Amino acid sequence: MHFRHLRVINEDRVQPGEGFPTHPHRDMEIITYVLEGAIEHKDSMGTGSVIRPGEIQHMSAGTGVTHSEYNPSQTELLHLLQIWIMPAAKSIAPSYDQKATELSKHPGELRLIASREGQGGAVKINQDTNLYACVLKAGERVRYTLQPNRYAWLQVARGTVQLNGMDLQAGDGAAVTRETDLEVAGLSAAEILLFDLA
């Protein structure tokens, strides 16, 4: 909990028909990343949507927003990661965005899915953070170079990987400081999230 601007990553498994009733947030960047099933979102901005695997949802709570989240299925489990990032500026107008990650079109590549500029189809967030996602096959490797005075957090969403020779499995996270070159190797089929943080 709380590494640089990354506040928390909640890994939730929600039973069919269950969820989180309407509740408030403010001054927080909230990213939802679905691994299995679907989540139905409704908020006080008038947004109603369903987020599925292969999509990323972002909400800037800003001056204040209320929302509810439910598993709309009566048979399927919902498995998701909900990521909270501290905003660069407080009391901004609340906003909502949802986009396809297109990971299936870019296997074995780190794909930018959230950033301050929102370039390349990423959702735009109110913080100097770049969030990448990647699906790896067993034996595949990806490399990433951190610029000076940058930090990283690697979250293993599925499978098993090695980060610079250190074994990690689904649910593990690794904070990276005083490193420049990162190499992530898939020990099995895996899905990872990599945060490049100020």
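Overview of the overall build of the chain
Moving on, step 1. When helices and strands are counted, the chain shows zero helices and 19 strands.
Moving on, step 2. Computed over its C-alpha atoms, the radius of gyration of the chain comes to 16 Å, within 12% of the 16 Å expected for a compact globule of 198 residues.
Moving on, step 3. With the principal axes as the frame, the chain shows a C-alpha extent of 45 × 40 × 30 Å.
Moving on, step 4. Among the 198 residues that make up the chain, the fraction classed as buried is 46%.
Moving on, step 5. Contacts spanning at least 24 positions in sequence make up 73% of the contacts within the chain whose residues lie at least 6 apart.
Moving on, step 6. Surface exposure of the chain reaches about 9,300 Å², of which carbon and sulfur atoms provide 47%.

Thoughts on the side chain of D196
Moving on, step 1. Its location among the elements puts D196 in strand β19 (residues 190-197).
Moving on, step 2. With relative accessibility at 5%, the residue D196 sits in the buried group.
Moving on, step 3. Only 2.7 Å separates the side chain of D196 from the side chain of R150, close enough to count as a polar contact.
Moving on, step 4. Contact partners of D196, with chain neighbours within four places excluded, come to D128, T129, N130, Y132, Y144, L146, R150 and Y151.

Describing the sheet that holds strand β2 (residues 19-25)
Hydrogen bonding along the main chain pairs the strands of a sheet, whether they run parallel or antiparallel.
Moving on, step 1. If you trace the four strands from one edge of the open sheet to the other, you get β2-β7-β4-β5, paired in antiparallel fashion. With partners counted over all chains shown, the strands left at the sheet margins are β2 and β5 (48-51), one partner each. Here the strands of the sheet are splayed against their neighbours by 20 degrees on average, with no regard to which way each runs.
Moving on, step 2. Bridging between strand β4 (residues 39-43) and β5 involves four bridges; their strand directions are antiparallel.

Structural notes on the sheet that holds strand β16 (residues 166-169)
Moving on, step 1. The antiparallel open sheet is built from four strands, whose spatial order is β13-β18-β15-β16. Of all the strands in the sheet, just β13 (141-145) and β16 have a single pairing partner and so form its edges. Strand-to-strand twist across the sheet, computed as the mean angle between neighbouring axes with direction ignored, equals 25 degrees.
Moving on, step 2. Sheet topology note: the strand β15 (residues 160-163)/strand β18 (residues 181-186) ladder contains three bridges and is antiparallel. In the strand pairing of β18, V161 is matched with G186.

Re the pattern of salt bridges
Moving on, step 1. Under the criterion given, the structure shown has ten salt bridges.
Moving on, step 2. Between E11 and R13 there is a salt bridge; the shortest N-O distance is 3.6 Å.
Moving on, step 3. Residue R150 is joined to D196 by a salt bridge in which the shortest nitrogen-to-oxygen separation is 2.7 Å. Linking R150 in the loop between β13 and β14 (151-158) with D196 in strand β19, this pair joins segments that are 46 residues apart in sequence.
Moving on, step 4. Looking at R150, the relative accessible area reads 15%, which means it is buried.
Moving on, step 5. Shared partners join several salt bridges into a network, and the residues in it are E102, K105 and R111.

Here we look at the packing of aromatic side chains
Moving on, step 1. Scanning the model with the defined rule gives three aromatic pairs in all.
Moving on, step 2. Ring geometry for F3 against Y151: centres 6.4 Å apart, planes inclined by 85 degrees, an arrangement best described as edge-to-face. Highlighted residues: F3 in the segment before β1 (6-14) and Y151 in strand β14, separated in sequence by 148 residues.
Moving on, step 3. A residue is classified by how much of its surface remains accessible, and F3, at 15% relative accessible area, is buried.
Moving on, step 4. What links up through ring pairs into an aromatic cluster is the set F3, Y151 and W153.

Calculation notes
Residues numbered from 1 in each chain as written. Predicted model: local features only at pLDDT ≥ 70, side-chain atom pairs only at ≥ 80, totals over all residues. Heavy atoms only, no water. Helix = DSSP H or I, 4+ residues; strand = E, 2+ residues; numbered from the N terminus. Rg over C-alpha atoms; globule rule 2.2 N^0.38 Å. Buried < 20%, exposed > 50% of the residue type's maximum accessible area, 1.4 Å probe, protein only. Contact = heavy atoms within 4.5 Å. Areas by Shrake-Rupley, 256 points an atom, 1.4 Å probe, with all protein chains shown as cover. Polar contact = N/O pair within 3.5 Å; in protein donor to acceptor, adjacent residues only side chain to side chain. Pairing = 2+ DSSP bridges. Axes fitted to C-alpha atoms, helices over the stretch in contact; angles between N-to-C directions. Salt bridge = Lys/Arg side-chain N within 4 Å of Asp/Glu carboxyl O. Phe/Tyr/Trp six-rings, centres within 6.5 Å; stacked < 30°, edge-to-face > 60°.

In short, shape yes, function no, at least from these values alone.
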